[in-house]
Amino acid sequence: MKLFALAVLYKSSDGKVRLLKISQDLSSFGYFQKSSVSEFMRFTCKIVAERTSVCSRASVKEQEYMVHVYVRSDSLAGVLIADHEYPSRVSFTLLNKALDDFASKVLKTEWPTIQENTADFPEAEELLSKYQNPREADAMTKIQADIDETKIILHNTIEAVLDRGEKLDDLVEKSEGLSTQSKAFYKTAKKANRCCVIL
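Residues numbered from 1 in each chain as written. Predicted model: local features only at pLDDT ≥ 70, side-chain atom pairs only at ≥ 80, totals over all residues. Heavy atoms only, no water.

On to the confidence of the model for the protein. Residues with a pLDDT of 70 or more make up 74% of the protein, whose mean pLDDT is 81. By mean pLDDT, helix H5 (residues 139-194) is the weakest element of the protein at 66, and strand E5 (residues 76-83) is the strongest at 92. (pLDDT = per-residue confidence, 0-100. Helix = DSSP H or I, 4+ residues; strand = E, 2+ residues; numbered from the N terminus.)

Moving on, we get to helix H3 (residues 123-130). Taken together, the buried positions of H3 are occupied by Ala124, Leu127 and Leu128. End-on, the buried residues of H3 take up no more than an arc of 100°, which puts them together on one face. In H3, those exposed residues whose orientation departs by more than 90 degrees from the buried face are Glu126 and Ser129. Tucked inside the fold, the buried residues of H3 contact strand E1 (3-11), strand E2 (17-24) and helix H2 (88-105). (Buried < 20%, exposed > 50% of the residue type's maximum accessible area, 1.4 Å probe, protein only. Arc of directions from axis to C-beta. Contact = heavy atoms within 4.5 Å.)

Another point: the side chain of Asp74. Structurally, Asp74 can be placed in the loop between strand E4 (65-71) and E5. A distance of 2.6 Å separates the side chain of Asp74 from the side chain of Arg72, its partner in a polar contact. Within polar-contact distance, the side chain of Asp74 engages the backbone nitrogen of Leu76 at 3.2 Å. In this structure Asp74 touches Tyr10, Lys108 and Trp111, once residues within four positions along its chain are discounted. (Polar contact = N/O pair within 3.5 Å; in protein donor to acceptor, adjacent residues only side chain to side chain.)

Right, let's get into the environment of Ser59. Secondary-structure assignment places Ser59 in strand E3 (residues 56-62). The class for Ser59 is partly exposed, based on a relative accessible area of 37%. Between the alpha carbons of Ser59 and Val48 there is a distance of 9.3 Å; along the sequence they are eleven residues apart.

Next up on the list: the packing of aromatic side chains. If you walk through the whole model with that rule in mind, you get six aromatic pairs. The interplanar angle of 85° and the centroid separation of 5.2 Å between the aromatic rings of Tyr31 and Phe32 together place this pair among those described as edge-to-face. There is no split in this pair, since Tyr31 and Phe32 are both exposed. Among the aromatic side chains, those forming a connected cluster through ring pairs are Tyr10, Phe102, Trp111 and Phe121. Cation over ring: Arg57 sits above Tyr70, and NZ or CZ is 4.1 Å from the ring centre. (Phe/Tyr/Trp six-rings, centres within 6.5 Å; stacked < 30°, edge-to-face > 60°. Lys NZ or Arg CZ within 6 Å of the ring centre and 35° of its normal.)

A few words now on the pairing of E5. Where burial is concerned, most of E5 is hidden: eight out of the eight residues are buried. Of the two faces of E5, both are covered, the one formed by Leu76, Gly78, Leu80 and Ala82 as well as the one formed by Ala77, Val79, Ile81 and Asp83. As judged from the seven bridges shared by E1 and E5, these two strands associate in the antiparallel manner. Across the sheet, the residue bridging to Val8 is Gly78, located in E5. The hairpin formed by E4 and E5 contains four residues between the paired strands, and Ser75 there has a positive phi angle of roughly 70°. (Pairing = 2+ DSSP bridges.)

Structure follows, in structure tokens:
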């Protein structure tokens, strides 16, 4: 699971989109690919935000990538590019958080005039880094992982108990047979001890 880009954009009333801030993780790409991949991601973020209506969310699959977009009623948009394994619910949680943080830090009146990718929002890098592992960043995903782990432990425990139960059944069967033999042994030993009792 990997996140590649987190972008905050402004969608004007005429439908044009301005990229306010983008944070990218290009570490999985080769040195000579990075600039092309970065340019492609910027382009994709703009296109997807332009084609998404206000007050809506969408997810678009592009080859092995998923592009998640959320355009709020105040025309602030967030786009997240991830691999197809990254959970959609966590993606939209991240977009909500990023847009809320951006709106609280940068005045709404400045959004239409910010030059491309110059918004003062270093939190985008931090969020992209923090959410690389969805289990650590998102409480619900962490709880689900813990539940899955507990289920595995319980299944193993139940199997162990059943195995132990089967072994106990074998012992009980053997003990029933042993019980008859031990009674006979006891009686024989008692008879043998009678003759040798010292007074």
